2 protein chains.
Amino acid sequence: MQQGHQSWRFDNKPVIVASAAVGGPFEAQGPLSKDFDLLHGDLWLGQASFEKAERKLLEEACEVAIRKAGLQKKDIEFFLCGDLMNQITASSFAARTMAVPYLGLFGACSTSMEGLALASLLVNSRAGRYVLCGTSSHNATAEKQFRYPTEYGGQKPPTAQWTVTGSGVAVVAPEGEGPRVTGATIGRIVDMGITDPFNMGAAMAPAAVDTITAHFRDFGIFHEEYDLIATGDLGKVGHHIAKDLFAKHGMALPEEKFVDCGLLIYGPDQQEEVIAGGSGCGCSATVTYGHILNRMKQGELRKILIVATGALLSPITYQQNDSIPCIAHAVAIERG
Amino acid sequence: MQQGHQSWRFDNKPVIVASAAVGGPFEAQGPLSKDFDLLHGDLWLGQASFEKAERKLLEEACEVAIRKAGLQKKDIEFFLCGDLMNQITASSFAARTMAVPYLGLFGACSTSMEGLALASLLVNSRAGRYVLCGTSSHNATAEKQFRYPTEYGGQKPPTAQWTVTGSGVAVVAPEGEGPRVTGATIGRIVDMGITDPFNMGAAMAPAAVDTITAHFRDFGIFHEEYDLIATGDLGKVGHHIAKDLFAKHGMALPEEKFVDCGLLIYGPDQQEEVIAGGSGCGCSATVTYGHILNRMKQGELRKILIVATGALLSPITYQQNDSIPCIAHAVAIERG
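Parameters and conventions
- Residues numbered from 1 in each chain as written.
- Chains lettered and ligands numbered in written order.
- Predicted model: local features only at pLDDT ≥ 70, side-chain atom pairs only at ≥ 80, totals over all residues.
- Heavy atoms only, no water.
- Contact = heavy atoms within 4.5 Å.
- Buried area = accessible area lost by both parts, 1.4 Å probe.
- Polar contact = N/O pair within 3.5 Å; in protein donor to acceptor, adjacent residues only side chain to side chain.
- Helix = DSSP H or I, 4+ residues; strand = E, 2+ residues; numbered from the N terminus.
- Buried < 20%, exposed > 50% of the residue type's maximum accessible area, 1.4 Å probe, protein only.
- Pairing = 2+ DSSP bridges.
- Axes fitted to C-alpha atoms, helices over the stretch in contact; angles between N-to-C directions.
- Parallel < 35°, antiparallel > 145°, perpendicular 65-115°, else oblique.
- Left-handed = near helix turned anticlockwise from the far one by under 90°.
- Nonpolar A, V, L, I, M, F, W, Y, C, P; charged D, E, K, R; others polar.
- Expected span 1.5 Å × (residues − 1).
- Arc of directions from axis to C-beta.
- Domains from an automatic or database assignment.
- Salt bridge = Lys/Arg side-chain N within 4 Å of Asp/Glu carboxyl O.
- Disulfide = S-S within 2.5 Å.
- Phe/Tyr/Trp six-rings, centres within 6.5 Å; stacked < 30°, edge-to-face > 60°.
- Lys NZ or Arg CZ within 6 Å of the ring centre and 35° of its normal.
- pLDDT = per-residue confidence, 0-100.
- Least-squares fit on C-alpha atoms with pLDDT ≥ 70 in both.

*Asks:* So what about the interface of chain A and chain B? Which residues, and what values?
*Replies:* The interface of chain A with chain B comprises 59 residues on the first partner and 59 residues on the second. Buried surface at the junction of chain A and chain B, summed over both partners, amounts to about 4600 Å²; 61% is from carbon and sulfur atoms. Viewed at the interface, chain B and chain A are joined by 32 residue pairs in polar contact (both at pLDDT 80 or more). Among the secondary structure elements, those contributing two or more residues to the side of chain A that touches chain B are β2 (7-9), α2 (50-68), α3 (89-98), β6 (102-104), α4 (111-124), α5 (139-146), α11 (315-319) and β15 (326-334) of chain A. It is α3 of chain A that contributes the most residues to the side of chain A that touches chain B, five residues altogether.

This is the structure we're talking about:
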């Protein structure tokens, strides 16, 4: 199964038998609104706190995906999940509701593909038949935990990104109808010394480039293999840096093929809030499990590489003057 | 590879080719001090913060284990790690130092066996040859993050436990000398409605019982299979509850065979600080990768089951009146 230095080749090609994307009110105004299975009119989802609302987003995404797969909760054998909350409580509380064996993950915004890579590994090696993987983020819980109280109305620099309120999950199985996972590349930490938590796109871009390059090397392929290479949430700043780095290494990726989930999810009229682009665990998760897999089902895409990027800092490491360690995990998916 | 509902059988029996345990000053005073590879005289480890000290503990444990395995950092193909810090920063920063492909995990104090189960899965399914897994905790970082500033001198109830300052890691490989991992059982969340963060042993005990029972069921075995069944960190209160639950279910475990890492690591003269027992990710990790594997090497133990228990709460969920979701993951190890 191991392929090259840091990749896995899934010979049994695990199938994404169903996926689901649930979003909030701001995502409902974006250009991908039709790709969500469920959209909420307010950030609270009828819950007593934003944290409980995030948990609810994730639980709903799980329910929808399981229903779309024609399954019931009890059919799920393993649940792999993580999020941005301290001690990934959105995931653990959703796992309590799911009541199935649970493996908690943390890769910040790279968690979506860390989960899909591991879920595919389980299915490919016959360690599980129905494996659920997913992640969530919530704009208000992330602002509260990582930045300033929103009530301060603090100004943000032009490199800041907007945390997606949303959850994306997938059900992976050995057989069935749906896109197939053919391989994965697990990222190394890349840290270029950036310390500004309002410029995570720039911090994460070299990690994305490192993982994509490793993926090409391990599988002996180049971008021609894919119709689409989508990074997680580099935003405007990080996307440009990534493009420049590829060009500098003589590996320029075609403009139309290299996209970023953080640039797809919101429209030009949302620019004032979004600033440099979308971010958060829910960004690559909802865009991939909603929009991109829908495009694949519609026959627009044959083979894709999703490269979820994560900035592994915490408020404590920032306060202690540490730079931002970043990572990216890539998963290759082809039409079923 | 899947065995029953929630377990994995590792037919290739991955080998723990080396393991390491690093501890702090209080662990150095305990009865297992000789089982640590490295012990520190002060909690700071010469670092500018306790968080950086915890990172250092983990980095040292990795270095020692890799050296004991006769390897170099670059030989490690995947690093699976997690800890209790918000956004598991001890692990991610250690992964930066390791500079190898990294998968971040979170299972609170169950992380040690979540990591060993997944590392063994990777090796067993030929997704990696040398896989490093581990975890850490630090008394001062945990007190600061989860409880009150130590300077307050707050009184603790008799059910409170003492977070271990330590790190335990293991190098898992397809062949070599050492104990072999034969199976794992992945836990479900069990939440009996306990809300007191100073009584985590009681909260976690039912999860340990649930996982051990599932392990016996999935493999069609009973306690006779093992010379030792060691839970992670139930402490006095949780250990008694677990014993009672087994007895109530007509499955009483022999007294001498059923132990708890949180009761092994400190001595009677440390009672005043320790109260109900040791806890923290480093508890089951250092006791297993140091003391218990040493006993196995010395021929005292033939086959063991390590059941790491985790309380998946956060200060936010506690403040919002949520109860404590708990989990336990079990890994079976036999003499090589």
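*Asks:* Account for the pairing of strand β14 (residues 303-311) of chain B, with residues named and values stated.
*Replies:* Consecutive side chains along a regular strand alternate between the two faces of the sheet. Residue and element names in this part refer to chain B. Judged by how many residues are buried, β14 sits mostly within the fold: nine of nine residues are covered. Here β14 shows no split at all, with K303, L305, V307, T309 and A311 on one side and I304, I306, A308 and G310 on the other all buried. Sheet analysis places strand β11 (residues 228-231) next to β14, joined by four bridges and oriented parallel. Note on β14: the bridge partner recorded for A230 is I306. Bridge count for β14 against strand β15 (residues 326-334) is nine bridges, and the pairing is antiparallel. Bridged to K303 within β15 is E334.

*Asks:* Provide a residue-level description of the side chain of E143 of chain A, including the pertinent values.
*Replies:* For E143 of chain A, the position within the fold is in helix α5. Setting aside its immediate chain neighbours within four residues, E143 of chain A contacts Y148, T150 and K156 of chain A.

*Asks:* Describe the packing of helix α2 (residues 50-68) of chain B against helix α5 (residues 139-146) of chain B, with residues and values.
*Replies:* All names here are of chain B. Following both chains from N to C, one finds α2 and α5 inclined at 135°, their axes separated by 8 Å at the closest point. Between α2 and α5, the angle is such that the two are oblique. In this structure, the crossing between α2 and α5 has a hand that is left-handed. Mapping the contact onto sequence places F50, E51 and E54 in α2 and A140, T141 and K144 in α5. Grouping the amino acids of the contact of α2 with α5 by side-chain chemistry returns two nonpolar, one polar and three charged.

*Asks:* Mind laying out the side chain of H223 of chain A, listing which residues take part and the relevant values?
*Replies:* All names here are of chain A. With respect to the element layout, H223 can be found in the loop between α6 (200-219) and β11 (228-231). Overall, the relative accessible area of 10% leaves H223 in the buried class. H223 has contacts with F216, I229, A252, L253, P254 and K257, leaving out every residue within four places of it along the chain.

*Asks:* Describe the environment of E54 of chain A, with residues and values.
*Replies:* Residue and element names in this part refer to chain A. Mapped onto the fold, E54 is located in helix α2. Overall, the relative accessible area of 0% leaves E54 in the buried class. Sequence separation between E54 and E334 is 280 residues; the distance between their C-alpha atoms is 30 Å. Excluding residues within four positions of it along the chain, E54 makes contact with D83, M85, A90, S136, S137, H138 and T141.

*Asks:* Any chance you could break down helix α7 (residues 235-248) of chain B for me, citing the residues and the numbers?
*Replies:* All names here are of chain B. With 14 residues, α7 extends 20 Å between its outermost C-alpha atoms, agreeing within 8% with the 20 Å of an ideal straight helix rising 1.5 Å per residue. Residues of α7 that are buried include every one of G235, G238, H239, A242, K243, L245 and F246, and no others. Axial view of α7: buried residues confined to an arc of 160°, hence all on one face. Of the residues in α7, the exposed ones pointing more than 90 degrees away from the buried face are D244 and K248. Next to the buried residues of α7 lie α6 (200-219), β12 (258-260) and α8 (261-264). At the exit of α7 stands G250, carrying a positive phi of roughly 70°.

*Asks:* Talk me through the domain arrangement of chain A; I want residue IDs and the actual numbers.
*Replies:* All names here are of chain A. What the domain assignment reports for chain A is domain 1 (2-173) and domain 2 (180-334). Computed from C-alpha coordinates alone, the two centres of domain 1 and domain 2 are separated by 17 Å. Counting residues at the interface gives 62 residues for domain 1, matched by 60 residues for domain 2. Counting the surface lost from both domain 1 and domain 2, the interface buries some 5000 Å², and carbon and sulfur atoms represent 63% of this. Its largest share of buried area at the contact with domain 2, domain 1 owes to Q6, M113 and Q161, together 16% of the area lost on that side. Here domain 1 is connected to domain 2 by one salt bridge. Between the two partners, domain 1 and domain 2, sit 29 residue pairs in polar contact (both at pLDDT 80 or more).

*Asks:* Would you mind going over the state of the cysteines in detail, with residue names and values included?
*Replies:* Across all of its chains, the model carries zero disulfides over all chains by this definition. Here C81 of chain A is not cross-linked by a disulfide; its sulfur's nearest cysteine counterpart is in C62 of chain A, at 6.0 Å. Between C283 of chain B, a free cysteine, and C261 of chain B, which holds the nearest cysteine sulfur, the sulfur-to-sulfur gap is 5.6 Å. Classification of C283 of chain B by relative accessible area gives buried; the value is 0%.

*Asks:* Tell me about the packing of aromatic side chains, and please be specific about residues and values.
*Replies:* Enumeration according to the criterion identifies 16 aromatic pairs over all chains in this entry. Members of the aromatic cluster, connected to one another through ring pairs, are W8 and F10 of chain A together with F78 of chain B. For the cation-ring pair, R55 of chain A lies above F93 of chain A, with the distance from its terminal atom to the ring centre recorded as 4.0 Å.

*Asks:* Report on the confidence of the model for chain A, specifying residues and quantitative values.
*Replies:* When pLDDT is averaged across chain A, the result is 97; 100% of the residues are at 70 or more. For this predicted complex, the interface score ipTM comes out at 0.98, alongside a pTM of 0.98.

*Asks:* Would you mind going over α6 of chain A in detail, with residue names and values included?
*Replies:* Residue and element names in this part refer to chain A. Across its 20 residues, α6 extends 29 Å between first and last C-alpha, which sits within 8% of the 28 Å expected from 1.5 Å per residue. Judged by how many residues are buried, α6 sits mostly within the fold: 18 of 20 residues are covered. Within two residues after α6, G220 carries a phi angle of roughly 60°, on the positive side.

*Asks:* Can you lay out the relation of the copies chain A and chain B for me, pointing to particular residues and giving the numbers?
*Replies:* Superposition of chain A onto chain B requires a rotation of 180° combined with a translation of 0.0 Å along the rotation axis, giving an RMSD of 0.0 Å. In short, the pair behaves as if placed about a two-fold rotation axis. The overlap is high: 100% of the interface residues of chain A also sit at the interface in chain B, so the same surface is used on both sides.

*Asks:* Please provide a residue-by-residue account of the environment of L45 of chain A, values included.
*Replies:* All names here are of chain A. One can find L45 in the loop between β4 (38-39) and α2. Assessed through its relative accessible area of 11%, L45 is described here as buried. Spatially, the C-alpha atom of L45 lies 16 Å from that of V64, the residues being 19 residues apart in sequence. Those residues within four positions of L45 in sequence are excluded, and the remaining contacts are H40, A53, K56, L57 and E60.

*Asks:* How would you summarise the pattern of salt bridges if you had to cite specific residues and measurements?
*Replies:* Under the defined criterion, the tally for this structure stands at 34 salt bridges over all chains. Between K156 of chain A and E143 of chain A there is a salt bridge whose closest N-O contact spans 2.9 Å. Of this pair, K156 of chain A sits in the loop between α5 and β8 (162-163) while E143 of chain A sits in helix α5, and the two are 13 residues apart along the sequence. Assessed through its relative accessible area of 28%, K156 of chain A is described here as partly exposed. Overall, E143 of chain A belongs to the buried group, its relative accessible area being 5%. We note a salt bridge from R55 of chain B to D322 of chain A, for which the minimum N-O separation is 2.8 Å. In this pair, R55 of chain B sits in helix α2 while D322 of chain A sits in the loop between α11 and β15, so the two residues belong to two different chains. The residues R55 of chain B and D322 of chain A share a single accessibility class, namely buried.

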